[in-house]
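Structural description and commentary
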Amino acid sequence: QDGLKQCLAEFRQQLAWVERLDVTLGPVADPVSQSASTSDAVDPENDFQREMSFYRQAQAAVLEALPRLRKLQVPTRRPDDYFAEMAKSDQQMQKIRQKLKSKQEAMERSEKAKQLRAMRKYGKKVQVEILQRRQKEKKNMLNAVKKYQKGLSDKLDFLDEEQTSSQGNKKGNASQRTKKGPNAKRRYKNQKFGFGGKKKGSKWNTKESVNDVSSFQSKVAHNKGPGKGGRGGKGGKKALNKRPGKRARQKMKNRAR
C-alpha cells in the first residue's frame, strides 16, 4: 500500500479539471425502481445487467460533466462544417476499391458460369426427353406392326401417324424455306443469268413478226446484191462452179466403174 501511494504521488499532476476531464461517479438512478444500483447488486455473469450498469455510469458522468464544460465555455457540439480527415490515404482507398471491383467481377463471372451450367443441364434434359419419346414412339409402332403381321390387329393407325408426321416435317421445311428465301449463291446466279423463264419456242414466229417486213431487203433476197453472182455482179465465176445434178453424178460414177 505504501508503494502504491508513492507511485501515485509520482505521476499525479496538479492540473486544472479542464485539462484532465476526469469524472468518477456511480451509475445513475434506475428510472424504474428510482434507486441507484450498486456494483454489488450487479451480477457480472449477466450480460444485460453488466452492460446496463456501464451505460448508466456513463450517463451519470455526462450529466455531471456537461454543465461544468458549459460553465467553462468549452464547446461540446460538433460544428456543421466539421471536416475530419480519413485515417487511410487515397492510395489505400484506391487499392480497396480495386479489390472490391475485382471481387464483384469474379462474382459476376461465377454467376454467369452457374447460369451456363444450368442451361446446359436443362438442354441435356430436354434432349434426353426427346430421345426417350422417339424411342417410345418407335417401340409402339414396331409393336403395332408385329401385331398386324401376326393377325392380332387389323388397324393401320401407325401408318397414318407416320404419314402425318412426315407431312408435318415437309410442311415445316417448306415454311422454313419460304421464310429464309434464296441463299447467297442463288441470288448471285439470278443476278448474273436472270430469273429463268420460258426457253422453248422463244424463236418461233408470231403474227406480229410475220406481218413486220421493215427489215426485208429485196436485193439480198433475190441475189442482186454485191457478190451474189447476178448479171452485173462480181460473183459470176463462182456461179459457174455449181454442183452437178443427181443424174450427172450417177453417170460419173458409172464411168468410174
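What counts, and at which threshold
Residues numbered from 1 in each chain as written. Predicted model: local features only at pLDDT ≥ 70, side-chain atom pairs only at ≥ 80, totals over all residues. Heavy atoms only, no water. UniProt positions renumbered as here; feature names shortened; annotations may be inferred. Helix = DSSP H or I, 4+ residues; strand = E, 2+ residues; numbered from the N terminus. Buried < 20%, exposed > 50% of the residue type's maximum accessible area, 1.4 Å probe, protein only. Contact = heavy atoms within 4.5 Å. Areas by Shrake-Rupley, 256 points an atom, 1.4 Å probe, with all protein chains shown as cover. pLDDT = per-residue confidence, 0-100. Patch = residues over 30% accessible without salt bridge, like charges linked within 9 Å, V, L, I, M, F, W, Y side chains within 5 Å. Salt bridge = Lys/Arg side-chain N within 4 Å of Asp/Glu carboxyl O. Lys, Arg positive; Asp, Glu negative; His and termini not counted. Charge placed at Lys NZ, Arg CZ, Asp CG, Glu CD. Expected span 1.5 Å × (residues − 1). Phe/Tyr/Trp six-rings, centres within 6.5 Å; stacked < 30°, edge-to-face > 60°. Lys NZ or Arg CZ within 6 Å of the ring centre and 35° of its normal.

The name an unreviewed UniProt entry assigns to the protein is EBP2 protein, from the organism Dicrurus megarhynchus. The UniProt entry for the protein carries this comment under Sequence similarities (unreviewed entry): "Belongs to the EBP2 family." UniProt lists a comment for the protein under the heading Function (unreviewed entry), and it reads "Required for the processing of the 27S pre-rRNA."

Looking now at the overall build of the protein. Scanning the protein for helices and strands turns up ten helices and zero strands. Of the regular secondary structure in the protein, the N- to C-terminal order runs α-α-α-α-α-α-α-α-α-α. Scored against the burial criterion, the 257 residues of the protein give a buried share of 5%. Intrachain contacts of the protein at a sequence separation of at least 6 include 45% that bridge at least 24 residues. Summing over all exposed atoms, the protein offers an accessible surface of approximately 25,400 Å²; the carbon and sulfur share of this is 52%.

With that out of the way, let us pick up unusual backbone geometry. Here the phi dihedral of L21 falls at roughly 55 degrees; this positive angle occurs in a residue that is not glycine. Within the fold, L21 resides in the loop between helix 2 (17-20) and helix 3 (47-71). We note that Q73 has phi near 60 degrees; this positive angle belongs to a residue other than glycine. Of note, Q73 is situated in the loop between helix 3 and helix 4 (90-150). Residue classification places Q73 among the exposed residues on the basis of a relative accessible area of 72%.

Residues with a pLDDT of 70 or more make up 73% of the protein, whose mean pLDDT is 78. Mean pLDDT across the elements of the protein bottoms out in helix 9 (residues 236-240) (52) and peaks in helix 3 (91).

So, about a positive patch on the surface. Side chains of K114, R117, R120, K121 and K124 sit close together on the surface and give a patch of like positive charge. By the secondary structure assignment, R117 is in helix 4.

With 61 residues, helix 4 ought to run about 90 Å at 1.5 Å a step, and its terminal C-alpha atoms sit 89 Å apart, in line with that. Residue G151 follows helix 4 closely and has a positive phi angle near 85 degrees.

In this description, an aromatic ring pair is defined by two values, namely the gap between the centres and the angle between the planes. Evaluated as defined, the whole model comprises zero aromatic pairs. Just above the ring of W17 sits the side chain of R68; from NZ or CZ to the centre is 4.0 Å.

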